[in-house]
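# Tertiary structure, described
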Amino acid sequence: MTANPVRAVAMGTAMERVDGREKVTGGAAYAMENDAELGQPPLHGWMVTSRTARGRVLRVDASDALDHPGVVTVLDHTTAPRLASTEDRELSVLQDDRIGFRGQIVALVLAETPESAREGARLVRVHEQAEPFSATLEGAETYRPDPSSVGSETDTEQGDVDVALAAAPVRVEHTYTTPHEHNNPLEPHAATALWQGGTLTMWDSTQGVHRVAATLAPMLGIEPERLRVRAPYVGGGFGSKGPPHGPEVAVALAAMWAEGRPVKLAVTRQQMFPLTGYRTQTVSDLRLGAEPDGRIIALEHAVTVQTSAIKEFVEHAAVPARMMYAGEHRRTSHRVASLDVPVPSWMRAPGEMPGMHALEVAMDELAVAAGVDPVELRVRNEPAVDPGSGNPYSNRRLVDCLYRGAELFGWADRPAAPRATLDGDWWVGTGVASATYPANFFPGNVARVTALERGRYAVAIGAVDIGTGARTALLQIAADALGVGVAEIDLAIGDTDLPFATVAGGSSGTGSWGTAITQAAQQFRADHGEDPDPGVETTSTAESYPDTEHLAMHSFGAVFTEARVHRWTGEVRVPRMLGVYSVGRVINPTTARSQFLGGLVMGLSAALFEESVRDPRFGHFVTQDLASYHVASHADIGDLRVEWLDDVDERATPMGSRGIGEIGIVGTSAAVVNAAYHATGVRVRHLPATSDAFL
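Given the structure is predicted, the values throughout are model-derived calculations rather than measurements.

What counts and what doesn't
- Residues numbered from 1 in each chain as written.
- Predicted model: local features only at pLDDT ≥ 70, side-chain atom pairs only at ≥ 80, totals over all residues.
- Heavy atoms only, no water.
- Helix = DSSP H or I, 4+ residues; strand = E, 2+ residues; numbered from the N terminus.
- Rg over C-alpha atoms; globule rule 2.2 N^0.38 Å.
- Buried < 20%, exposed > 50% of the residue type's maximum accessible area, 1.4 Å probe, protein only.
- Lys, Arg positive; Asp, Glu negative; His and termini not counted.
- Charge placed at Lys NZ, Arg CZ, Asp CG, Glu CD.
- Core = buried A, V, L, I, M, F, W, Y, C linked by side-chain atoms within 4.5 Å.
- Contact = heavy atoms within 4.5 Å.
- Phe/Tyr/Trp six-rings, centres within 6.5 Å; stacked < 30°, edge-to-face > 60°.
- Lys NZ or Arg CZ within 6 Å of the ring centre and 35° of its normal.

Assigned secondary structure in the protein consists of 16 helices and 27 strands. Over its C-alpha atoms the protein spans a radius of gyration of 26 Å, differing by no more than 12% from the 26 Å that the globule rule assigns to 695 residues. For the protein, the spread of C-alpha atoms along the principal axes amounts to about 75 × 70 × 50 Å. Out of the 695 residues belonging to the protein, those deemed buried represent 61%. Averaging the positions of the 59 positive and the 87 negative side-chain charges in the protein gives two centres separated by 3 Å.

In structure tokens, the structure reads:
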């Protein structure tokens, strides 16, 4: 059934997080904090990883480790339980002697305490045979990936780009790069597993319990109903906990070996860098051709990225250029180099973040070349319909975001020329960039509504709250859908024993799950009326809602920043940032504001600090902790402000909402480096924009 729009009562209210007290008082039990449910002391696992980028394991010498007090066993490729399927080489842990990247799991120590496991892992001696490998994108051979890896067409072309560019009065042609970046959620990846009576139970720090079960069950050779995954609380993910990774398979295998006894495994901060995904380096070759007034005639965005030889992942960075601005002649492409390196994966706004960074810096360069204000340039290139598909937009208010942001930020007082304002020893400038993110909707979500006593209702869906406040927002959605107060709803989430839910990713969660809850509530009323008997229930599946075939579904925003660059040291500070967004109805202003602010901070961090450095001699990241992989700290953050337009988009969801988790990071890094250019006259095209670039 198709849900009808919902009257907002609880939705739109700044409701406090319902799990807030549990989290700040330590009552929220995460994946490693479930001893009360286990009934017996667990074993503790510690991973031993390869020191070879490509090769073979000749022998694992565990004799010293087994002599250490508390060590129970050491599993390797000769002793670990066998998987039923090993097609996914990232997940086929301890199944053969092949080494596909440095940092791969080659042994697992099980011990009575985490301290014994850690020391046991230090004592394991792994004899490896190295083979020739390739770990550098520069100069590597590339290929054209399949559209399924990009998520849409690999390449697109409209008109005659080369002819139009050659004839364009104003041209910008440059290469922009973003480095390898790593997710570093506060809670590292971790899981507890118990294999008992042919059934596996996992407490996992994941963004999707059903995805973990659907992936691991066939690999383990068991029926899906014999694998229960629970994730009551998750301490952040940013995409890295979207798909399962090797450590989850390792703890499952350990639990099967230790039948009847639970096993705990926490990934160390250092081990997260090779084992839990990352954003790959991107190289964007951008060409813009425009009329003298800045109106785009031709646009080309060619992207080169890397993937892993053992498993493909493509950062679809050219996709935003297909729909962002007007222009008759346009071309986009993706090329990929397959390297002997760890497997990349999702990181907040995959594709959109690096792709829009490149496009928005290029747009700033076009504004300078055409002598047009950067805000006005974007307004002049506003398309009437989606240039890529020709579909009308369900809701596109980018111009409103730009004008509102300019008003709030005091943009009218900005001097046109760069390097025009010196405050003591600090050059001062301002910058702007557009933001966008698709209004993703995942079908197949299932919700169950059950009538309880005294007008209360139980609502169940296997969604996961990774710290975004989804638990609170879904309560508000359920209350409005059933026409009752939030206090009358008992919400259950985060368990594969509950109805199916898609992953918390792609800014799709609240919209997709909320639509399922809304449809289930409406069907419940149709089945049982306004005064149902306790115990009656309705389960409903949301197969579809938005008209994605005939409408272009996106959210939009504008980011404004002020940058101050020290004229002697090149130090960059960002005292002010403002984001204005059009995202449909905001379900909960309190949690939404936190999501937007978090995206802005993460974008600032990417602009100025974040860079994972790979040693080409050995194929591993040398930045493997928060001392060497720099992220923004409190001292780096100034006045952050966000605002959203009063908006409802009922063509996107029955709640009128669109996703907000990722759009805050999109365009933010470009706004920072554009402001730094305006301050200094120095254009930075390669992130991060460190101090040396301005000297």
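What follows continues from the structure just given.
So, on to the nonpolar core. Membership of the largest hydrophobic core comes to 85 residues, with the highest contact counts inside it found for Leu359, Leu366, Phe560 and Tyr581. Broken down by element, this core gets its largest block of residues, 10 residues, from helix 10 (residues 352-370). When neighbours within four sequence positions are excluded, Phe560 is seen to be in contact with Val375, Cys401, Leu402, Gly405, Ala406, Phe409, Trp411, Gly431, Val432, Arg576, Met577 and Leu578. Among the nonpolar cores identified, the runner-up in size contains 81 residues, and Ile105, Leu110, Ala447 and Ala473 belong to it.

Turning next to the packing of aromatic side chains. The full count for this structure, using the stated rule, is 9 aromatic pairs. Where Phe273 meets Tyr629, the ring centres are 5.7 Å apart and the plane angle is 70 degrees; that geometry is what we call edge-to-face. Taken as a pair, Phe273 in helix 9 (residues 269-275) and Tyr629 in the loop between strand 26 (620-621) and strand 27 (639-644) lie far apart in primary sequence, 356 residues in all. Given a relative accessible area of 0%, Tyr629 falls into the buried group. With centroids separated by 5.2 Å and ring planes inclined at 75 degrees, the aromatic side chains of Tyr278 and Phe621 adopt a geometry described as edge-to-face. Of this pair, Tyr278 sits in the loop between helix 9 and strand 14 (282-290) while Phe621 is found in strand 26, placing the two residues 343 residues apart along the sequence. When its relative accessible area of 0% is taken as the criterion, Tyr278 is described as buried. According to the relative accessible area criterion, Phe621 is buried, its value standing at 3%. Here the aromatic residues Phe409, Trp411 and Phe560 are joined through ring pairs into a cluster of three or more. Stacked on the ring of Phe409, the Lys or Arg Arg576 has its end atom at 3.9 Å from the ring centre.

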